[in-house]
Amino acid sequence: MVEDLRLDSLEGVGPVTTRKLSDAGVHNVMDLIVRGPVEIAEITGMEKDTAEKIVNKARQHLVDGGLIAKHFTSASEIYKHRQSIGKITTGTNCLDTLFDGGIETQALTEVYGEFGCGKTQFAHTMSVMVQKTKEEGGLEGSVLYIDTENTFRPERIVSIAQAHEMDPEKVLDNIIVARAYNSAHQVLILEEAGPIIEENNVKLIVADSAVGLFRSEYLGRGTLSTRQQKLNHFVHLLSRIAETYNCAAIATNQVMASPDVFFGDPTRPIGGNVVAHTSTYRIYFKKSGKKRIARMVDSPHHPEEEVIFALGEAGVIDPEEAEKKTKKTTKKTTKATTKKAKEPEVEATVETPEESTETPEVDATAETPEVETAPEVETVEAPLVDAEADDSEPVEE
């Protein structure tokens, strides 16, 4: 399969052209389709007509091999092909119903929301779930994690893997992390990802976040057009890689507050229409106390609905599991408090009879006859005894 995808297998592509393409970062036939004729003409210096011929030959080569769809196909064939598309389960019933089974391959799924809403936790969870078997909802593949904000934590991967009863060492070995330091480096990582995807059987590409570096480098309205052009190139490149290499792509996105919104939610995703049109599925995460809300904003066939999920040791979890864990913790705390409360109660019960035996009632009864000097004491003794008897009756009850 790898020999069929070599540049030498195409007609009219000699050693000189292959050397030009390999020096420019194009290593196989799939990279020709991902880059496109315009970009190949720019990076290699060849004419656009020759670049278009080479790309068309590469596309026909992949069509003959059955790797991509034909130029003209019926809707029934597309429907059959859609039934065989792989899906990665999220590990939760709520998000699986939102995605209709899980994250799809050959598609770009964008997740945006404010800080702390669970975007990175969702990316970590999907990096573990894609490594599960197909019977368990995974694709038995590895992950390419493009970290632009230095938020990838292997400790979180270990806790999620242990919660799903998976080997943490194998899970960490199947995650390839690429730390991007600027927007140009971020695009370069994606351009050089073709051989890595084939060698390591990558089934999930995560860009966390996809727009953060572009937002920090291109400031002001004067650089808005150049930022949108480069961002458009990155997002389209990510989408074409997911479609060509048959893998899923997840891109997290930041938000901004629009001041012209007086009613409703003022948060808007970064990137504008460039990112909105390129994303196949667009999901909005927002906080709701300790729980989170996920809403399907844009999809070709999914309905626009909302589901409630939570965050826990297993990453993204159902809210019912979070409630069960909180109940268990409350039961443990109540048991501990009751044990601590029972210990002083025993001491109090032991001390009460000692105090009752040491009551000065005997002394009072003994002292009364000593001070019997007048008959008035005898008349006073009768009501005192009655009062003591009346007071003692409710104590015995």
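A brief look at the structure comes next.

Reading the values: the criteria
- Residues numbered from 1 in each chain as written.
- Predicted model: local features only at pLDDT ≥ 70, side-chain atom pairs only at ≥ 80, totals over all residues.
- Heavy atoms only, no water.
- Buried < 20%, exposed > 50% of the residue type's maximum accessible area, 1.4 Å probe, protein only.
- Helix = DSSP H or I, 4+ residues; strand = E, 2+ residues; numbered from the N terminus.
- Pairing = 2+ DSSP bridges.
- Phe/Tyr/Trp six-rings, centres within 6.5 Å; stacked < 30°, edge-to-face > 60°.
- Axes fitted to C-alpha atoms, helices over the stretch in contact; angles between N-to-C directions.
- Polar contact = N/O pair within 3.5 Å; in protein donor to acceptor, adjacent residues only side chain to side chain.
- Contact = heavy atoms within 4.5 Å.
- Expected span 1.5 Å × (residues − 1).
- Parallel < 35°, antiparallel > 145°, perpendicular 65-115°, else oblique.
- Left-handed = near helix turned anticlockwise from the far one by under 90°.
- Nonpolar A, V, L, I, M, F, W, Y, C, P; charged D, E, K, R; others polar.

## A word on the pairing of strand 3 (residues 108-113)
Part 1 of the reasoning: Burial within strand 3 is extensive, with six of its six residues counted as buried.
Part 2 of the reasoning: Of the two faces of strand 3, the one carrying L108, E110 and Y112 and the one carrying T109, V111 and G113 are both buried.
Part 3 of the reasoning: The pairing of strand 3 with strand 7 (residues 248-253) spans five bridges and is classified as parallel. Bridged to T109 within strand 7 is I250.

## A short note on the packing of aromatic side chains
Part 1 of the reasoning: Inspection of every chain in the model, using the stated rule, returns six aromatic pairs.
Part 2 of the reasoning: Between the aromatic rings of F99 and F122, the centroid separation amounts to 6.3 Å while the plane-to-plane angle is 20°, which identifies the pairing as stacked. Here F122 lies in helix 7 (residues 119-129) and F99 lies in helix 6 (residues 93-99), a separation of 23 residues in the sequence.
Part 3 of the reasoning: F99 sits in the buried class, given a relative accessible area of 2%.
Part 4 of the reasoning: Ring centres of Y112 and Y284 lie 5.0 Å apart, and the angle between their planes is 15°; this geometry places the pair in the stacked category. Pair noted here: Y112 is in strand 3 and Y284 is in strand 10 (residues 281-288), with a separation of 172 residues, a long-range link.

## Some words on the sheet that holds strand 11 (residues 291-298)
Part 1 of the reasoning: Strand order in this open sheet of nine strands is 5-4-6-7-3-10-11-12-13, and the pairing throughout is mixed. Two strands in the sheet have a free side with no partner beyond their single neighbour: strand 5 (175-179) and strand 13 (315-317). Across the sheet, the mean angle separating the axes of adjacent strands is 25° when strand polarity is ignored.
Part 2 of the reasoning: Two strands pair when backbone bridges link them, and strand 11 and strand 12 (residues 306-312) are joined in this way by four bridges, in the antiparallel orientation. Within strand 12, the position partnered with I293 by the bridge is I308.

## Re the side chain of T92
Part 1 of the reasoning: Along the chain, T92 falls in the loop between strand 1 (87-88) and helix 6.
Part 2 of the reasoning: At 3.1 Å, the side chain of T92 forms a polar contact with the side chain of T90.
Part 3 of the reasoning: Ignoring any residue separated from it by four or fewer positions in sequence, one finds T92 in contact with V316, I317 and D318.

## Here's the deal with helix 4 (residues 48-64)
Part 1 of the reasoning: In this model helix 4 runs 24 Å from its N-terminal to its C-terminal C-alpha over 17 residues, within 8% of the 24 Å that 1.5 Å per residue would give.
Part 2 of the reasoning: Looking at the buried positions of helix 4, the neighbouring elements they touch are helix 1 (15-23), helix 2 (29-35) and helix 3 (37-44).
Part 3 of the reasoning: Two residues or fewer past helix 4, G66 is found with a positive phi of approximately 80°.

## Digging into the packing of helix 10 (residues 183-191) against helix 13 (residues 224-244)
Part 1 of the reasoning: Where helix 10 meets helix 13, the axes come as close as 10 Å, and the angle between the chain directions of the two elements is 20°. In this view, helix 10 runs roughly parallel relative to helix 13, as classed from their interaxial angle. In this structure, helix 10 meets helix 13 at a crossing whose hand is left-handed. For the pair helix 10 and helix 13, the contacting residues are Q186, V187, L190 and E191 in the first and H233, F234, L237, L238 and I241 in the second.
Part 2 of the reasoning: Partitioning the contact of helix 10 with helix 13 into residue classes produces six nonpolar, two polar and one charged.

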